[in-house]
Amino acid sequence: QVQLVESGGDLVQAGGSLRLSCAASGSISSINFMGWYRQAPGKQRDFIAAITSGGGTNVADSVKGRFTISRDNAKNTVYLQMNSLKPEDTAVYYCRLIARGNDYWGQGTQVTVSS
């Protein structure tokens, strides 16, 4: 079993920055994908950014240039650095991990950006 624990969510003013962390623990091997998604109230869960085991990254156009994903393989931790935050970035941010065909999600961390 794999557990994902997100942290770093907070209330921040527009223009500010936050760094989210997602630490994976448990029976982990051959991680193929770690990524971040977000879900605002009343909206669907959207892809934000992902990083593969080889270090390749993909970032959604809506946050490109402001958000950066990185990974510490030794710690099985993925980070999301969020800069120039906007009120529309307000959402619950979820971490996702795919390993050996198994799909895991964290419980989410709330990010609120005030105008």
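It should be emphasised that the depicted structure is a prediction, and the values quoted were computed from it without experimental measurement.

Looking at the overall build of the chain
- Counting its regular elements, the chain contains zero helices and 11 strands.
- Along the chain, helices and strands appear, N-terminal first, in the series β-β-β-β-β-β-β-β-β-β-β.
- Relative to the globule expectation of 13 Å for 115 residues, the C-alpha radius of gyration of the chain, 13 Å, shows essentially globular dimensions.
- When its C-alpha atoms are laid out on the principal axes, the chain stretches across 40 × 25 × 25 Å.
- Of all 115 residues assigned to the chain, the portion counted as buried reaches 40%.

Observations concerning the sheet that holds strand β3 (residues 18-26)
- Spatial ordering of the open sheet is given by β1-β3-β8-β7, a layout of four strands whose pairing is antiparallel. The strands lining the two open edges of the sheet, one partner per strand, are β1 (2-7) and β7 (67-72). Strand after strand, the sheet turns through a mean of 15 degrees between neighbouring axes, direction not considered.
- Sheet topology places β1 next to β3; six bridges connect them, and they run antiparallel. Residue pairing across strands places Val5 opposite Ala23, the latter belonging to β3.

Concerning the pairing of strand β8 (residues 77-82)
- Buried residues dominate β8, accounting for five of its six residues.
- Pairing between β7 and β8: six bridges, direction antiparallel. The residue bridging Asp72 from the neighbouring strand is Thr77, located in β8.
- From the end of β7 to the start of β8, which pair antiparallel, there are four residues, and Asn76 there has a positive phi angle of about 50 degrees.

As for the nonpolar core
- In this structure, Trp36, Leu80, Met82 and Tyr93 are the most contacted members of the largest nonpolar core, which totals 30 residues.
- Mapped by element, the contributors of at least two residues to this core are β1, β3, β4 (31-39), β5 (45-52), β7, β8, β9 (91-99) and β11 (109-114).
- Here this core gets five residues from one element, more than from any other, and that element is β9.

A short note on the side chain of Ser21
- Along the chain, the position of Ser21 falls in strand β3.
- Dropping the residues within four chain positions of it, Ser21 is found in contact with Val5, Glu6, Ser7, Trp36, Thr77, Val78 and Tyr79.

Describing the pairing of β3
- Inspection of the sheet shows β3 paired to β8 by six bridges, in the antiparallel sense. In the sheet register, Ser21 faces β8, and the bridge partner there is Tyr79.

Structural notes on unusual backbone geometry
- Located in the positive-phi region is Asn76, a residue other than glycine, with phi close to 50 degrees.
- Among the residues examined, Asn76 registers a relative accessible area of 25% and is labelled partly exposed.
- Of note, the phi angle at Arg100 is positive, near 50 degrees, even though the residue is not glycine.

Here is what the cut-offs are and how they apply
- Residues numbered from 1 in each chain as written.
- Predicted model: local features only at pLDDT ≥ 70, side-chain atom pairs only at ≥ 80, totals over all residues.
- Heavy atoms only, no water.
- Helix = DSSP H or I, 4+ residues; strand = E, 2+ residues; numbered from the N terminus.
- Rg over C-alpha atoms; globule rule 2.2 N^0.38 Å.
- Buried < 20%, exposed > 50% of the residue type's maximum accessible area, 1.4 Å probe, protein only.
- Pairing = 2+ DSSP bridges.
- Axes fitted to C-alpha atoms, helices over the stretch in contact; angles between N-to-C directions.
- Core = buried A, V, L, I, M, F, W, Y, C linked by side-chain atoms within 4.5 Å.
- Contact = heavy atoms within 4.5 Å.

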